[in-house]
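Residues per chain are reported as follows:
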Number of protein chains: 2
Amino acid sequence: MLKQLPCPERIEINEVGPRDGLQIEKRFVPTEDKIRWIDALSQTGLARIEATSFTSPKAIPNLRDAAEVVNGIQRREGVEITVLVPNLKGVERALACDVDEINLVMSASESHGLANLRMTPEQSLAQFAAILDAVRAHPRAQNVFVNASLSTTFGCPFEGIVPQARALDLIARLVELGITGITLCDTTGMANPAQVKALCEAVIARWPEVAFTLHVHNTRGMGLANALAAWQAGITRFDAALGGLGGCPFAPGATGNVCTEDLVHMFEAMGVDTGVDLDALLEVATTLPELVGHDVPGQVVKAGKWDRRYAMPTH
Amino acid sequence: MLKQLPCPERIEINEVGPRDGLQIEKRFVPTEDKIRWIDALSQTGLARIEATSFTSPKAIPNLRDAAEVVNGIQRREGVEITVLVPNLKGVERALACDVDEINLVMSASESHGLANLRMTPEQSLAQFAAILDAVRAHPRAQNVFVNASLSTTFGCPFEGIVPQARALDLIARLVELGITGITLCDTTGMANPAQVKALCEAVIARWPEVAFTLHVHNTRGMGLANALAAWQAGITRFDAALGGLGGCPFAPGATGNVCTEDLVHMFEAMGVDTGVDLDALLEVATTLPELVGHDVPGQVVKAGKWDRRYAMPTH
């Protein structure tokens with residue numbers, strides 16, 4: 001693989017709204033609405049859609065229809081379907097469906113791991129080894145990519161800022177397990193652009209063979225600035241949620257993911273190719289308040305694109 | 001003067017909330033509340049406060065008490081008081097008060113100039129020459145710095161994106177007039193980080209003797225990303241409005257300025273010295289909704305600082 005150069009000309013977007021966006025919603029979004037939404041999203045040029053999570057229906061009631069959603073959506077060439085999987089049981093359920101990727105999850109901090117997954121990072125790593133064995137032994141193993149999301153990579157709502165050395169140590173352990181896709185998650189929007197740029201530069205330099213994704217929340221308004229900093233470090237893969245939906249139910253203070261259409265808008269305005277048809281994406285975004293029953297944080301839907309022109313006022 | 005290096009270790013903040021923030025507010029904020037607010041702001045380490053605008057009371061009713069505000073505030077060592085001045089008449093009114101700076105304003109685009117000031121850029125430049133003559137002839141000339149804000153530097157809501165060549169041409173005309181402080185204004189949040197970085201790099205390289213300030217609005221969510229890009233280009237002066245108040249009444253689609261406390265928060269988290277006591281600033285920011293009578297967009301007031309820690313949940 002070629003060494004990634006800073007400021008890539010092309011990036012790809014992983015839409016996590018149907019998973020990270022819906023998991024915190026109080027009102028159950030009907031299965032057929034989820035399917036219609038994902039089908040609409042898959043026509044906008046997104047590289048990947050995280051369609052659901054194969055988690056406990058008790059822990060995340062809104063995603064209790066995981067298999068029905070994955071089995072119900074229309075598959076489209078060039079759009080990968082990924083699903084979050086928190087444990088071994090979830091892997092079996094996920095692999096029974098036609099998914100392109102499973103996205104494992106662990107925390108960089110002990111307390112968030114215990115609060116979110118009831119597992120310390122060490123316990124998560126041990127389970128990842130068992131999960132990888134199960135995936136490799138599965139008949140569909142050749143067709144399923146395994147990604148790992150590292151929650152609280154930059155900061156933990158219980159422990160504070162996570163030192164870069166700790167993040168690098170855990171990423172090294174993931175790489176040793178044979179994982180070749182890793183998502184760096186700023187779960188509760190604690191990261192700043194200097195921190196993001198430094199870690200992204202370090203991981204790209206050390207593991208050029210790994211596909212790193214940045215996952216940020218806009219809790220403190222720094223979502224787009226952090227994405228910009230990661231892109232300057234050479235990151236080409238970004239998680240984002242349509243409308244800026246989202247948040248972790250087990251992380252106090254968590255608010256929405258960086259907003260997909262605002263992220264696409266910024267990069268397209270800069271001349272970076274996101275692969276996404278922004279007009280089509282904005283059209284899907286306008287349907288969100290009805291889908292979830294409340295207003296959403298996305299700003300470009302309200303303001304219009306950067307080149308929007310108004311008529312001159314008549315005095 | 002030394003050549004500015006990218007990524008400065010220290011920046012300074014020009015609080016424009018009392019001017020740009022209040023000009024679009026429908027409800028008149030009582031003079032004594034404005035004074036109390038500015039007095040509180042001047043104790044937080046801000047370098048400069050744009051206290052009001054000496055404009056027509058008919059055009060901007062909320063700022064009809066300009067002289068009373070400037071004469072009523074407590075002056076504090078190290079905090080400069082600047083005022084917006086749209087025309088020659090305003091200059092006389094401003095210089096009758098004890099201001100450290102007057103901030104002239106013109107538009108980079110003809111249609112916004114006509115809508116906002118009833119002047120084309122050429123007419124504005126001609127008037128600036130007359131204003132500068134008046135200032136130089138005034139007894140207080142030695143103590144008053146003249147800054148010029150260039151509205152719609154990056155984009156105009158009527159004409160679309162403003163080409164960099166046009167912005168550079170107008171900045172050259174301002175420099176020729178002898179103006180040594182210029183604010184690059186993204187009046188309706190149309191700029192993107194690549195555009196901001198390119199223009200800021202160009203102006204710093206060409207006019208190292210001029211003090212350039214970046215003024216951005218967060219209309220499309222790119223406010224902090226644009227500030228980051230300008231800082232990377234070597235910009236050290238930033239306009240911002242507490243709470244993210246603001247907008248131009250004569251620019252359709254305009255929404256709030258980049259939020260002061262969110263901007264200070266980002267740079268302080270990155271280790272950049274803003275000179276501001278963030279805790280004191282956040283305390284003033286919490287009083288804003290009562291001052292203006294509605295919620296404001298600032299996010300750090302709601303989320304807490306980057307290192308905020310929560311107690312672990314008890315299961």
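Bear in mind that the values here come from a model prediction, so they are computed numbers and not experimental data.

Trainee: Tell me about the interface of chain B and chain A, residues and numbers included.
Mentor: By a widely used convention, the size of an interface equals the accessible area lost when the partners come together. Contact residues are listed per partner, giving 41 residues for chain B and 41 residues for chain A. For the chain B and chain A pair, buried surface summed over both sides reaches about 3,600 Å², with 62% attributable to carbon and sulfur atoms. Summed over the shared surface of chain B and chain A, the number is zero salt bridges. Linking chain B with chain A are 17 residue pairs in polar contact (both at pLDDT 80 or more), by the criterion used here. When contributions to the side of chain B that touches chain A are tallied by element, the ones reaching two or more residues are helix H5 (110-117), strand E7 (160-161), helix H8 (193-206), helix H9 (223-232), helix H10 (260-269) and helix H13 (300-303) of chain B.

Trainee: Can you tell me about H5 of chain B, naming the residues and giving the values?
Mentor: Of all the residues in H5 of chain B, the buried ones are Ser-111, His-112, Gly-113, Ala-115 and Leu-117 of chain B. Residue Arg-118 of chain B follows H5 of chain B closely and has a positive phi angle near 55°.

Trainee: If you had to explain the UniProt feature "domain: Pyruvate carboxyltransferase" (unreviewed entry) in chain A to someone new, which residues and values would you point to?
Mentor: Annotation from UniProt places "domain: Pyruvate carboxyltransferase" (unreviewed entry) at residues 11-282 of chain A. Taken end to end, residues 11-282 of chain A is 40% helix and 18% strand, and its two terminal C-alpha atoms sit 18 Å from one another.

Trainee: Tell me about helix H8 (residues 193-206) of chain A, residues and numbers included.
Mentor: Side chains of residues three or four places apart in an α-helix project in the same direction, reflecting 3.6 residues per turn. All names here are of chain A. Taking 1.5 Å of rise per residue, the 14 residues of H8 would be expected to cover 20 Å, and the 20 Å separating its terminal C-alpha atoms lies within 8% of that figure. If you check which residues of H8 are buried, you get Pro-193, Gln-195, Val-196, Leu-199, Cys-200, Val-203 and Ile-204. Down the axis of H8, the buried side of the element spans an arc of 155°, and every buried residue falls inside it. Put simply, Asn-192 is the residue that caps the front of H8, since its side-chain oxygen is 2.9 Å from the backbone nitrogen of Ala-194.

Trainee: Tell me about the pairing of strand E5 (residues 145-151) of chain A, and please be specific about residues and values.
Mentor: Residue and element names in this part refer to chain A. A large share of E5 lies buried, amounting to six of its seven residues. Judged from the seven bridges that link them, strand E4 (residues 101-107) and E5 form a sheet pairing that is parallel. Bridging from a neighbouring strand, Glu-101 pairs with Phe-145 of E5. Judged from the four bridges that link them, E5 and strand E8 (residues 181-186) form a sheet pairing that is parallel. Looking at the pairing, Leu-150 lines up with Leu-184 of E8.

Trainee: Explain the relation of the copies chain B and chain A to me, using residue names and the numbers behind them.
Mentor: Superposition record for chain B on chain A: RMSD 0.0 Å, screw rotation 180°, translation along axis 0.0 Å. Overall, the copies show the geometry of a two-fold rotation axis. Within chain B, Ala-225 of chain B has its C-alpha nearest the rotation axis, a separation of 2.0 Å. A high fraction, 100%, of the interface residues of chain B reappear at the interface in chain A, so the copies pair face to face through one surface.

Trainee: Describe in detail the pairing of strand E9 (residues 211-216) of chain A, supporting the description with residues and values.
Mentor: Residues and elements named next belong to chain A. The buried count for E9 comes to five of six residues, which makes it a mostly enclosed element. With six bridges connecting them, E8 and E9 associate as parallel partners. Its bridge partner being in E9, Gly-181 is matched across the sheet by Ala-211. Handedness of the crossover is the feature at issue here: the chain leaves E8, passes through H8, returns alongside E9, and the resulting connection is right-handed. By the bridge criterion, three bridges tie E9 to strand E10 (residues 237-240) in an arrangement that is parallel. Note that in E10 the partner of Thr-213 across the bridge is Arg-237. Handedness of the crossover joining E9 and E10 through helix H9 (residues 223-233): right-handed.

Trainee: Report on the nonpolar core, specifying residues and quantitative values.
Mentor: One finds Ile-102, Phe-238 and Phe-267 of chain A together with Ile-102, Phe-238 and Phe-267 of chain B to be the most contacted residues of the largest nonpolar core, which totals 204 residues. In this structure Ile-102 of chain A touches Thr-82, Val-83, Val-85, Val-91, Ala-94, Val-135, Val-144, Phe-145, Val-146 and Asn-147 of chain A, once residues within four positions along its chain are discounted.

Trainee: Run through the sheet that holds strand E4 (residues 101-107) of chain B, naming residues and quoting values.
Mentor: Residues and elements named next belong to chain B. Read around the closed barrel, eight strands run E1-E2-E3-E4-E5-E8-E9-E10, paired in parallel fashion. The average undirected angle you get between the axes of adjacent strands in this sheet is 25°. As paired elements, strand E3 (residues 80-85) and E4 share four bridges and run parallel to each other. Paired with Val-85 across the bridge in E4 is Leu-104. Set on the sheet, H8 makes contact with strand E8 (181-186) and strand E9 (211-216); between it and E9 the angle comes to about 165°.

Trainee: Requested: an account of the packing of aromatic side chains, with residues and values cited.
Mentor: Residue and element names in this part refer to chain A. Applying the stated criterion to the full structure yields six aromatic pairs over all chains. With centroids separated by 5.4 Å and ring planes inclined at 40°, the aromatic side chains of Phe-238 and Phe-267 adopt a geometry described as tilted. Highlighted residues: Phe-238 in strand E10 and Phe-267 in helix H10 (residues 260-269), separated in sequence by 29 residues. For the pair shown, Phe-238 and Phe-267 are each scored as buried. Taken together, Trp-231, Phe-238 and Phe-267 form an aromatic cluster joined through their ring pairs. Stacked on the ring of Phe-28, the Lys or Arg Arg-64 has its end atom at 3.9 Å from the ring centre.

What counts, and where the lines are drawn
- Residues numbered from 1 in each chain as written.
- Chains lettered and ligands numbered in written order.
- Predicted model: local features only at pLDDT ≥ 70, side-chain atom pairs only at ≥ 80, totals over all residues.
- Heavy atoms only, no water.
- Contact = heavy atoms within 4.5 Å.
- Buried area = accessible area lost by both parts, 1.4 Å probe.
- Salt bridge = Lys/Arg side-chain N within 4 Å of Asp/Glu carboxyl O.
- Polar contact = N/O pair within 3.5 Å; in protein donor to acceptor, adjacent residues only side chain to side chain.
- Helix = DSSP H or I, 4+ residues; strand = E, 2+ residues; numbered from the N terminus.
- Buried < 20%, exposed > 50% of the residue type's maximum accessible area, 1.4 Å probe, protein only.
- UniProt positions renumbered as here; feature names shortened; annotations may be inferred.
- Expected span 1.5 Å × (residues − 1).
- Arc of directions from axis to C-beta.
- Pairing = 2+ DSSP bridges.
- Least-squares fit on C-alpha atoms with pLDDT ≥ 70 in both.
- Right-handed = clockwise from strand over helix to strand, strands pointing away.
- Core = buried A, V, L, I, M, F, W, Y, C linked by side-chain atoms within 4.5 Å.
- Axes fitted to C-alpha atoms, helices over the stretch in contact; angles between N-to-C directions.
- Phe/Tyr/Trp six-rings, centres within 6.5 Å; stacked < 30°, edge-to-face > 60°.
- Lys NZ or Arg CZ within 6 Å of the ring centre and 35° of its normal.

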